Amino acid sequence: MAENIYTGFHAVEERIREYKEHPADSKLTVEYSKPGPRIKKILELASKANVECRQVSDRDLDASVAGLPETVRNHRGIILCVSGEKAISQNVVQLDQWLSACPEQATVVILDSVTDPHNVGAIIRSCDQFGASLLILPERRSASDVQENQIIARSSAGSSAWVPVSVVTNLVRSVQMLKEAGFWIYGADAGGENLSKTQFAPKTCIIMGSEGHGMSRLLSENCDAIVSIPTCGKVDSLNVSVAAGVLLYERYRTSRN
């Protein structure tokens, strides 16, 4: 067990709420510098949850987050230190934390119930090669344990240690959060617009459906556009990892023009 550090107002609040409702053996400590209005609200919540709070300097906070991924180092004056829980790998991030520091041009990939770890590993490898900014996986009905699944690690050729990953409980809510942050949502499906005619937005999210059933209805309804890859073969469709690689390459190619 190691100490995990949470940044971002929403992420800190949600972790404290979770602890308040389901106290565990882990120990939570809030560290803050200047108590502005939002921070005071978090401190009040922490007090009700019997979470220790202590005031430190901005320099102390900077030192605490120095080892985190660059996209989540913006502590905004408050962090939550949690000891006694399973260590969070360096490339595993909270979605709201990541969005708070998201660049103006970014590519996010969502896998909807992709259960074959070989496919997940191959997609992670394509994410690394074609500059995807984040991979989002559902907590349930997927091969989502990218750090402990050796098949994923091997299939990704080591990329699973580098590509930022967020594991979420609700994909539809995650899509809504991405939209609120300015992302355009593209679903991959055989009946969509020809990829050659697609102009990806600066902030692009690509949803890949499961191996057998494609995207869920709710996710499909939340897409801004449906795209398809033109093919000439005799079988129904491309393997999901191959399709993801083609889409990511096209996104990478057009974003550089």
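Fair warning: this is a prediction, and the values are worked out from it, not measured in the lab. (Residues numbered from 1 in each chain as written. Predicted model: local features only at pLDDT ≥ 70, side-chain atom pairs only at ≥ 80, totals over all residues. Heavy atoms only, no water.)

Draft legend 1. Highlighting the overall build of the protein. Each helix and strand counted, the protein has 9 helices and 10 strands in total. Looking at the protein as a whole, 48% of its 257 residues are labelled buried. Of the contacts formed within the protein by residues at least 6 apart in sequence, a portion of 76% connects residues at least 24 apart. On the protein, roughly 13300 Å² of surface is accessible, and the fraction owed to carbon and sulfur atoms is 47%. (Helix = DSSP H or I, 4+ residues; strand = E, 2+ residues; numbered from the N terminus. Buried < 20%, exposed > 50% of the residue type's maximum accessible area, 1.4 Å probe, protein only. Contact = heavy atoms within 4.5 Å. Areas by Shrake-Rupley, 256 points an atom, 1.4 Å probe, with all protein chains shown as cover.)

Draft legend 2. Structural view of the pattern of salt bridges. Overall, the coordinates contain 10 salt bridges when judged by the stated rule. Here Lys 27 ties to Glu 52 by a salt bridge, and the two come within 3.3 Å at their closest N and O atoms. Separated by 25 residues along the polypeptide, Lys 27 in strand β2 (residues 27-32) and Glu 52 in strand β3 (residues 52-55) bring together distant segments of the chain. The partly exposed category is assigned to Glu 52, whose relative accessible area is 35%. Between Glu 44 and Lys 48 there is a salt bridge whose closest N-O contact spans 3.6 Å. Highlighted residues: Glu 44 and Lys 48, both in helix α2 (residues 37-48), separated by 4 residues, approximately one helical turn. A relative accessible area of 55% places Lys 48 in the exposed class. Salt bridges linked by common partners bring Lys 27, Glu 31, Glu 52 and Arg 54 together as one network. (Salt bridge = Lys/Arg side-chain N within 4 Å of Asp/Glu carboxyl O.)

Draft legend 3. Here's a closer look at the pairing of β3. Examined bridge by bridge, β2 and β3 share 4 bridges and lie parallel to one another. What sits directly across from Glu 31, in β3, is Arg 54. In this fold, β2 hands off to α2, which returns the chain to β3; that crossover is right-handed. (Pairing = 2+ DSSP bridges. Right-handed = clockwise from strand over helix to strand, strands pointing away.)

Draft legend 4. Focus on the nonpolar core. By size, the foremost hydrophobic cluster in this structure holds 31 residues, and its most contacted members are Trp 98, Ile 136, Leu 178, Phe 183 and Ile 207. In terms of residue count, helix α7 (residues 171-180) provides more of this core than any other element does, 5 residues in total. With sequence-adjacent residues up to four places away left out, Leu 178 is seen in contact with Leu 99, Val 108, Ile 110, Ile 136, Phe 183, Ile 185 and Cys 205. Core analysis: the next-biggest nonpolar cluster, separate from the first, contains 26 residues, Val 120, Phe 200, Val 227 and Leu 247 among them. (Core = buried A, V, L, I, M, F, W, Y, C linked by side-chain atoms within 4.5 Å.)

Draft legend 5. Geometry of the confidence of the model for the protein. A residue-level look at the protein finds 86% of positions with pLDDT of 70 or above and a mean pLDDT of 85. Helix α6 (residues 150-155) is the least confidently modelled element of the protein, averaging 57 in pLDDT, while strand β9 (residues 203-208) averages 97, the highest of any element. (pLDDT = per-residue confidence, 0-100.)

Draft legend 6. Representation of the side chain of Glu 31 within the structure. Looking at the element boundaries, Glu 31 is found in strand β2. One polar contact links Glu 31 to Arg 54, side chain to side chain, over a distance of 2.7 Å. Filtering out sequence-adjacent residues up to four positions away, Glu 31 remains in contact with Arg 54, Val 56, Leu 61, Ser 64, Gly 77, Ile 78, Ile 79 and Cys 81. (Polar contact = N/O pair within 3.5 Å; in protein donor to acceptor, adjacent residues only side chain to side chain.)

Draft legend 7. Expanded view of unusual backbone geometry. Positioned with a positive phi, Arg 76 is a non-glycine residue whose angle comes to about 55 degrees. Under the relative-accessibility criterion, Arg 76 is labelled partly exposed at 44%. One non-glycine residue, Ser 113, lies in the positive phi region at around 60 degrees. Following the sequence through the fold, Ser 113 ends up in the loop between β5 (106-111) and α5 (117-129).

Draft legend 8. How the structure looks around the packing of helix α1 (residues 9-21) against α2. Direction vectors running N to C along α1 and α2 enclose 15 degrees, while the axes themselves pass 9 Å from each other. Accordingly, the angle class assigned to the pair α1 and α2 is roughly parallel. The element α1 and its partner α2 pack so that their crossing is left-handed. Touching Phe 9, His 10, Val 12, Glu 13, Ile 16, Arg 17 and Lys 20 of α1 are Arg 38, Ile 39, Lys 41, Ile 42, Leu 45, Ala 46 and Lys 48, all from α2. Across the contact of α1 with α2, the residue classes break down as 7 nonpolar, 1 polar and 6 charged. (Axes fitted to C-alpha atoms, helices over the stretch in contact; angles between N-to-C directions. Parallel < 35°, antiparallel > 145°, perpendicular 65-115°, else oblique. Left-handed = near helix turned anticlockwise from the far one by under 90°. Nonpolar A, V, L, I, M, F, W, Y, C, P; charged D, E, K, R; others polar.)

Draft legend 9. Highlighting the packing of aromatic side chains. Inspection of every chain in the model, using the stated rule, returns 4 aromatic pairs. Judged by centre distance (6.2 Å) and plane angle (40 degrees), the ring pair of Trp 98 and Phe 183 falls under tilted. Taken together, the positions of Trp 98 in helix α4 (residues 95-100) and Phe 183 in the loop between α7 and β8 (184-194) put the pair 85 residues apart, joining distant regions of the chain. With a centroid separation of 6.1 Å and an interplanar angle of 45 degrees, the aromatic rings of Phe 130 and Tyr 252 are classed as tilted. Of this pair, Phe 130 sits in the loop between α5 and β6 (134-138) while Tyr 252 sits in helix α9 (residues 240-255), and the two are 122 residues apart along the sequence. The exposure class of Tyr 252 is partly exposed, given its relative accessible area of 29%. (Phe/Tyr/Trp six-rings, centres within 6.5 Å; stacked < 30°, edge-to-face > 60°.)

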